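So you can see what is in the structure, the chains are spelled out below.
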Amino acid sequence: KQEVTQIPAALSVPEGENLVLNCSFTDSAIYNLQWFRQDPGKGLTSLLLIQSSQREQTSGRLNASLDKSSGRSTLYIAASQPGDSATYLCAVTSSSNTGKLIFGQGTTLQVKP
Amino acid sequence: DAGVTQSPTHLIKTRGQQVTLRCSPKSGHDTVSWYQQALGQGPQFIFQYYEEEERQRGNFPDRFSGHQFPNYSSELNVNALLLGDSALYLCASSTPLTGEETQYFGPGTRLLVL
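Model, not experiment: these values are computed from the prediction.

## Focus on a nonpolar patch on the surface
All names here are of chain B.
- Side chains of Ile12, Leu112 and Leu114 sit close together on the surface and give an oily, nonpolar patch of about 300 Å² of accessible area.
- Summarising the element assignment, Leu112 is placed in strand E11 (residues 109–113).
- The class for Leu112 is partly exposed, based on a relative accessible area of 38%.

## Side note on the state of the cysteines
- Applying the stated criterion to the full structure yields two disulfides over all chains.
- Between the sulfur atoms of Cys23 of chain A and its disulfide mate Cys90 of chain A the distance is 1.9 Å. Because the torsion about its S-S bond is -55 degrees, the bridge between Cys23 of chain A and Cys90 of chain A counts as left-handed. In this pair, Cys23 of chain A is assigned in strand E3 (residues 19–25) and Cys90 of chain A in strand E9 (residues 86–94), connecting sequence segments 67 residues apart.
- Cys23 of chain A gets classed as buried once you look at its relative accessible area, which sits at 2%.
- Here Cys23 of chain B connects covalently by a disulfide to Cys91 of chain B, the sulfurs 1.8 Å from one another. The sign of the S-S torsion, about -55 degrees, decides the handedness of the disulfide formed by Cys23 of chain B and Cys91 of chain B: left-handed. Note that Cys23 of chain B is positioned in strand E3 (residues 19–24) and Cys91 of chain B in strand E9 (residues 87–95), a separation of 68 residues in sequence. Here Cys23 of chain B matches Cys91 of chain B in class, with each residue buried.

Reading the values: the criteria
Residues numbered from 1 in each chain as written. Chains lettered and ligands numbered in written order. Predicted model: local features only at pLDDT ≥ 70, side-chain atom pairs only at ≥ 80, totals over all residues. Heavy atoms only, no water. Patch = residues over 30% accessible without salt bridge, like charges linked within 9 Å, V, L, I, M, F, W, Y side chains within 5 Å. Areas by Shrake-Rupley, 256 points an atom, 1.4 Å probe, with all protein chains shown as cover. Salt bridge = Lys/Arg side-chain N within 4 Å of Asp/Glu carboxyl O. Helix = DSSP H or I, 4+ residues; strand = E, 2+ residues; numbered from the N terminus. Buried < 20%, exposed > 50% of the residue type's maximum accessible area, 1.4 Å probe, protein only. Disulfide = S-S within 2.5 Å.

So, in structure tokens, the structure goes:
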């Protein structure tokens, strides 16, 4: 059974700092991995999607990497801003079931001005 | 281009009642998935609808049922509500036919069961 874990559960950093969020999964037979952002009480916004054959994806100040063999992904946020404060969720789909997202519990990020 | 919409935004029910939540997918999408997100947790997959049929289901009891209409919109029904059903219910749409794999999420419906 696939399980997704995110560490840390919460993180507080000063504005301008570079930071890394971690995601690990137990079954390496994934189809893809996505990082989402969720603002309090709101829905999810997709940030980056990495196919199982890819190593990383970049969008602006965000860079996500994937190491399928070790069951790990990281989301790197450069030059953090207060507007980056949100909960970041990692989700995988398995090779045998591409329609179902399996989520981690999320990392709640606070960027202080 | 309208994104995924859900209604209502908030709902308060009492134990034992029944509730219906609604979702309209993003334009051009034909597949709708429903997720339950308890406070402080990641979303949990409930089920997915495609071509008006439930294609797959997560580990949820039969009290949770759904429907998809010919226009691809969908409903989530929960019977015999329990306190533990209080959560944010998220709808996501996608369309595997075009190869686009990102699921687009709606803003959710916040259900409180008293």
